[in-house]
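Residue-level listing of the chains:
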Amino acid sequence: MKGNNRKRDLTKIAYKLFITKGYESTSIDEIIKEAKIAKGTYYYYFESKEQTLEEVNNMIIENMVFKAQQVLEMPISAIQKFISIIMCFKLNVEEQELTNAIHLPENIVMHKKINKKIINEATPILSKVVEQGNEEGLLNCKDNVYEKVKTTLILSQNLFDDMNYTENDISVYIDILENLYGAKKGTLDFIQDLIGKEQ
């Protein structure tokens, strides 16, 4: 590992260990051993294991954004884009351990920072999908699109983040979205399946 890529390479090594061994079971010494570096080199880039976890999550979000932007350029309908982009921002099964780690009480500040970063990255992408939905006649949301998308992302994080929600919660959430975006009733019912799969 050399130059400016060293921190990125260390982050990738930590990601691999956090996924395979679990965040709690992975020590800084194991990351250092796997990277074949001195302890001082590790601490030059990271103050703690918690900061390493934050960098790992930032790397994951960057990958999510890259995939979502690719979907945005596809010649498919707004609804197909919406579904695909939402799926881009979901962790895969292997990465669930990282979600468990950021939900630990000692990582609450990091959790909030990561949620904020996801909202900031996803909002402009999904705003363009809403605008396409307007053009296709599926939605009727001409004013404050960015703010409405941002608000619904915040709502979804607060409602679904801890996995403690009911079928009625999902139904009410869909009603709110359809009213907010001027969609005919039933247009966004696919969200029921998307969220339901997480339970």
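In this report, the structure presented in the accompanying data block is examined. No experiment lies behind these values; they were computed from the predicted model shown. (Residues numbered from 1 in each chain as written. Predicted model: local features only at pLDDT ≥ 70, side-chain atom pairs only at ≥ 80, totals over all residues. Heavy atoms only, no water.)

1. So, unusual backbone geometry
Phase 1 of the analysis: Here the phi dihedral of Lys36 falls at roughly 60°; this positive angle occurs in a residue that is not glycine.
Phase 2 of the analysis: Within the fold, Lys36 resides in the loop between helix H2 (28–35) and helix H3 (39–45). (Helix = DSSP H or I, 4+ residues; strand = E, 2+ residues; numbered from the N terminus.)

2. Some details on the packing of aromatic side chains
Phase 1 of the analysis: The full count for this structure, using the stated rule, is seven aromatic pairs.
Phase 2 of the analysis: Here the aromatic rings of Phe160 and Tyr165 are separated by 4.8 Å at their centres, their planes lie at 85°, and the arrangement is edge-to-face. Exposure class is identical for Phe160 and Tyr165. Each is buried.
Phase 3 of the analysis: An angle of 90° between the planes, with centres 5.1 Å apart, marks the rings of Phe160 and Tyr173 as edge-to-face. (Phe/Tyr/Trp six-rings, centres within 6.5 Å; stacked < 30°, edge-to-face > 60°. Buried < 20%, exposed > 50% of the residue type's maximum accessible area, 1.4 Å probe, protein only.)

3. Some thoughts on the packing of helix H5 (residues 78–88) against helix H7 (residues 108–136)
Phase 1 of the analysis: Contact geometry for H5 and H7: axes closest at 9 Å, N-to-C directions at 160°. Classified by the interaxial angle, the pair formed by H5 and H7 is roughly antiparallel. Judged by the twist between their axes, the crossing of H5 over H7 is left-handed. Of the residues in H7, those in contact with Ala78, Lys81, Phe82, Ile85 and Ile86 of H5 are Ile125, Leu126, Val129, Gln132, Gly133 and Glu136.
Phase 2 of the analysis: Its residues assigned to classes, the contact of H5 with H7 shows seven nonpolar, two polar and two charged. (Axes fitted to C-alpha atoms, helices over the stretch in contact; angles between N-to-C directions. Parallel < 35°, antiparallel > 145°, perpendicular 65-115°, else oblique. Left-handed = near helix turned anticlockwise from the far one by under 90°. Contact = heavy atoms within 4.5 Å. Nonpolar A, V, L, I, M, F, W, Y, C, P; charged D, E, K, R; others polar.)

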